[in-house]
Amino acid sequence: MTQTIIPVLPFNVNRVREDFPILAQKVHGKPLVYLDNAATTQKPQAVLDALAEYYTEHNANVHRAVHLLSERATRLHEEARTTVQRFLNAREAREVIWTRGTTEGINLVAQTYGRKNVGAGDEVIISAMEHHSNIVPWQMLCEEKGAILRVIAMNDDGELLLDEYEKLLGPRTKFVSVVHLSNALGTLNPVKRIIERAHEYGVPVLLDGAQAAYHVPLDVQELDCDFYAFSGHKLYGPTGIGVLYGKAELLDAMPPYQGGGDMIRSVTFEKTTYNVLPFKFEAGTPHIAGAIGLAAAINYITALGMDSIADHERDLLAYGTRALESVPGLRLVGTAREKASVLSFVLKDIHPYDLGVILDQQGVAIRTGHHCAQPVMDRFGIAATARASMACYNTREEIDVLVRGIHHAQKLLG
Amino acid sequence: MTTTTPEEQADDLVEGFELFDTWDDRYRFLIDLGRKLPPLTETEKSEVNRVHGCQSNVWIATRPQPETPEPVINFVGDSDSSLVKGLIAVLWRVCSGQPAEKIVSYDVEGLLDRLGLSQHLTMGRRNGLDEMVKRVKALAAKAESRNQ
Ligand SMILES: Cc1ncc(COP(=O)(O)O)c(C=O)c1O
């Protein structure tokens, strides 16, 4: 394997911002302050160029023809896979499965590994802070199989109770699926410990990496996770593309997910034999441009340096936490010791929806609602929060604009 | 309730809105409209009357109407969001106390467009506004069919 050496430049947020054309625009006559990154991030020029270049110069279907364009498209598509492999530090490229996103990755595992290995009376463990996409697929599986869904509780800061987790683990446990970094609370979970404990029972672990993948330097071998799912669109890449990493021996033993072209070795009406990894799980024409765009995004953030990004975002989180704590009537939801990039909060006597609308008029984009994590809202006895979530291109000045916007909303709505 | 038509009520609102230069003022006006809504009783804040929007709680309840020559629909509403409550007030202004057939055919979307509030309709999935409009129209349609 040849390793590309990518020089790491000192992190300069103003230069980073120039790489994201969308950030220069005004909304409602005000400079855009984009703080809805946990929903999706903006795309650097490098990604836009990669997409345009692919469709302008190389577009063809992959794996299917002998002509030059198809050969090129296939090569770019597979190089993108290798880029993801390196990014995750996976052992082999065939452990990287293209999906539509985190949601599809989790469903894939639930419907293949899960259906094969989970039976009546067995248990699947998730946590109290899961996104709906890491709840519902397991609920569907448990319902079908007569299995039981167990939930790791959390404390008032939004930290998982590991003692409770250890009590849940047992001979009936067949799978553990937890979020690496919570989109609703910002909690960074102690996933290494969670994985170690599960492995003591021989139980595989899936990490929902939708949020972590663009904030936290990753090494799936070091974590020793069995599956890792993330979405391209949160990682500065295109929508509609995502990755499911799985250990080869597990993926090999799993039945295929969807049937169709590319995932087969041979088809007769009597019997079909399946292709090898990773193609076994990639039925139909894949999102070729998406994969190439995602690779461009990974190359972009790797060049910035995942550690530099994490440092920058840590500064923003500390600065933002202090700034928000100084707002009267504001309560942060999610105050874990280990956190990243998410500031979820409620304001006394102001509905998050109203705050969101008023902030939008100030050019500030945040998300309000339950963040697809209704059980989290229930746990904290609220219906919704306002959430500001940061990415590599955000600045302290933008947080100041947010705080001024909140003061303004309080005046208007108070 | 006055006997003016929904169109006249709407024109009044639009005129009021046009007096304001800034969105802050428009939103303040909307919030004030909401504050002036007749309050719901606790029994009216029932599960049946709840409109399932995504973010805020919304209730729409009809109130019995003393016999009028032409049957009219009186409704009240509330929300824990001040802006959504303002939007309910807009609906209330133009529709409540109007004959059912007028409500059923009234172009709420067009009005919100004129008020520059159609953003809230596209956001309807988030604030329950489209559900709210549907609920009011369904209540009106039901009353209308009862009277036929
Ligand atoms: C923690 C978490 N898991 C899963 C998802 C689902 O990701 P996608 O919609 O890209 O499949 C999200 C996205 O909001 C998320 O934040």
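Computed from a prediction, not measured in an experiment: that's the story for all the values here. (Residues numbered from 1 in each chain as written. Chains lettered and ligands numbered in written order. Predicted model: local features only at pLDDT ≥ 70, side-chain atom pairs only at ≥ 80, totals over all residues. Heavy atoms only, no water.)

Caption draft 1: Main features of the overall build of chain B. Helix and strand counts for chain B stand at eight helices and four strands. Traced from its N-terminal end to its C-terminal end, chain B shows the element sequence α-α-β-β-β-α-β-α-α-α-α-α. Buried positions account for 45% of the 148 residues belonging to chain B. Of the contacts formed within chain B by residues at least 6 apart in sequence, a portion of 64% connects residues at least 24 apart. (Helix = DSSP H or I, 4+ residues; strand = E, 2+ residues; numbered from the N terminus. Buried < 20%, exposed > 50% of the residue type's maximum accessible area, 1.4 Å probe, protein only. Contact = heavy atoms within 4.5 Å.)

Caption draft 2: Broad picture of the overall build of chain A. Secondary structure summary: chain A contains 14 helices and 17 strands in total. In summary, chain A has a C-alpha radius of gyration of 22 Å against a globular reference of 22 Å for 414 residues, a match within 12%. Looking at chain A as a whole, 58% of its 414 residues are labelled buried. Considering only contacts within chain A whose residues lie at least 6 apart along the sequence, 72% involve residues at least 24 apart. Counting every atom, chain A has about 16700 Å² of accessible surface; 52% of that belongs to carbon and sulfur. (Rg over C-alpha atoms; globule rule 2.2 N^0.38 Å. Areas by Shrake-Rupley, 256 points an atom, 1.4 Å probe, with all protein chains shown as cover.)

Caption draft 3: Quick peek at the site of the ligand. All names here are of chain A. Looking at the ligand, there are 13 residues lining it, with Thr103, Asp208, Ser231, His233 and Lys234 nearest. Between the ligand and the protein, one listed contact pairs an oxygen atom with a side-chain N or O atom of Gln211 at 2.8 Å. Between Lys234 and the ligand, the recorded distance is 2.5 Å, taken from a side-chain N or O atom to an oxygen atom. When the residues that make up the shell around the ligand are grouped by side-chain class, the tally is two nonpolar, nine polar and two charged. (Near = heavy atom within 4 Å. Polar contact = N/O pair within 3.5 Å; in protein donor to acceptor, adjacent residues only side chain to side chain. Nonpolar A, V, L, I, M, F, W, Y, C, P; charged D, E, K, R; others polar.)

Caption draft 4: Quick peek at unusual backbone geometry. All names here are of chain A. Here the residue pair Leu277 and Pro278 is connected by a cis peptide bond, since its omega of -5° sits within 30 degrees of zero. Looking at the secondary structure, you find Pro278 in the loop between strand S12 (272–274) and helix H10 (288–304). Phi angles above zero are rare outside glycine, and Asn89 is one such case at about 55°. The partly exposed category is assigned to Asn89, whose relative accessible area is 33%.

Caption draft 5: Spatial organisation of the sheet that holds strand S7 (residues 173–179) of chain A. All names here are of chain A. Pairing is mixed across the open sheet formed by seven strands, whose spatial order is S4-S10-S9-S8-S7-S5-S6. Strands at the two margins of the open sheet, each flanked by one partner only, are strand S4 (96–99) and strand S6 (148–152). With strand direction ignored, the average angle separating the axes of adjacent strands in the sheet is 20°. Contacting S4, S7, strand S8 (205–208), strand S9 (227–231) and strand S10 (242–246), helix H4 (residues 102–117) crosses the sheet at an angle of about 155° to S9. (Pairing = 2+ DSSP bridges. Axes fitted to C-alpha atoms, helices over the stretch in contact; angles between N-to-C directions.)

Caption draft 6: Structural detail: the nonpolar core. The biggest cluster of nonpolar side chains holds 82 residues, and the ones touching the most others in it are A:Val176, A:Tyr228 and A:Leu235. Here this core gets twelve residues from one element, more than from any other, and that element is H10(A). For this core, the two domains that each supply at least three residues are domain 1 (13–42 + 306–413) and domain 2 (49–302) of chain A. Residues A:Leu332, A:Leu402, B:Tyr27 and B:Cys95 belong to the second largest nonpolar core, which totals 69 residues. (Core = buried A, V, L, I, M, F, W, Y, C linked by side-chain atoms within 4.5 Å. Domains from an automatic or database assignment.)

Caption draft 7: Focus on H4(A). The terminal C-alpha atoms of H4(A), which comprises 16 residues, lie 21 Å apart, in line with the 22 Å expected from a rise of 1.5 Å per residue. Inspection of H4(A) places A:Thr102, A:Glu104, A:Gly105, A:Ile106, A:Asn107, A:Leu108, A:Val109, A:Ala110, A:Thr112, A:Tyr113 and A:Gly114 among the buried residues, and these make up the whole buried set. (Expected span 1.5 Å × (residues − 1).)

Caption draft 8: Fine view of the environment of B:Arg135. Residue and element names in this part refer to chain B. For Arg135, the location among the structural elements is in helix H8 (residues 129–146). When its relative accessible area of 23% is taken as the criterion, Arg135 is described as partly exposed. Sequence-distant contacts of Arg135, defined by excluding residues within four places in its chain, comprise Val48, Asn49, Arg50, Val51 and Ile60. In this structure the side chain of Arg135 is engaged in a polar contact, spanning 3.1 Å, whose partner is the backbone oxygen of Val48.

Caption draft 9: Examining helix H14 (residues 396–413) of chain A more closely. Under the 1.5 Å per step criterion, the end-to-end length of H14(A) is 26 Å for 18 residues, consistent within 8% with the ideal 26 Å. For H14(A), the full list of buried residues reads A:Glu398, A:Ile399, A:Leu402, A:Val403, A:Gly405, A:Ile406, A:His408, A:Ala409, A:Gln410, A:Leu412 and A:Leu413.

Caption draft 10: Geometry of the packing of helix H12 (residues 352–361) of chain A against helix H3 (residues 82–95) of chain B. Between H12(A) and H3(B), the shortest axis-to-axis distance is 7 Å and the interhelical angle comes to 90°. Between H12(A) and H3(B), the angle is such that the two are roughly perpendicular. Of H3(B), the residues touching H12(A) (which contributes A:Tyr353, A:Asp354, A:Val357 and A:Ile358) are B:Ser82, B:Leu83 and B:Val84. For the contact of H12(A) with H3(B), the class distribution of residues is five nonpolar, one polar and one charged. (Parallel < 35°, antiparallel > 145°, perpendicular 65-115°, else oblique.)

Caption draft 11: Looking closely at the environment of A:Arg337. Relative to the helices and strands, A:Arg337 is located in the loop between strand S13 (330–332) and strand S14 (342–347). Once the C-alpha coordinates of A:Arg337 and A:Thr187 are considered, the two residues, 150 residues apart in sequence, prove to be 7.9 Å apart.

Caption draft 12: View of the interface of chain A and chain B. At the interface, 15 residues of chain A touch 19 residues of chain B. Our enumeration of links across chain A and chain B arrives at four residue pairs in polar contact (both at pLDDT 80 or more). In terms of residue count, the dominant contributor to the side of chain A that touches chain B is H12(A) (six residues). In the side of chain A that touches chain B, the residues fall into five nonpolar, eight polar and two charged.

Caption draft 13: Main features of the pattern of salt bridges. All names here are of chain A. Here the structure, examined in full by the defined rule, presents 30 salt bridges over all chains. Ionic pairing is found between Asp349 and Lys348, a salt bridge with its closest N-O pair at 3.4 Å. In this pair, the class of Asp349 matches that of Lys348, namely exposed. One connected set of salt bridges, linked through shared partners, spans Glu166, Arg193, Arg197 and Glu200. (Salt bridge = Lys/Arg side-chain N within 4 Å of Asp/Glu carboxyl O.)

Honestly, that's just the spatial picture; any functional story needs more than this.
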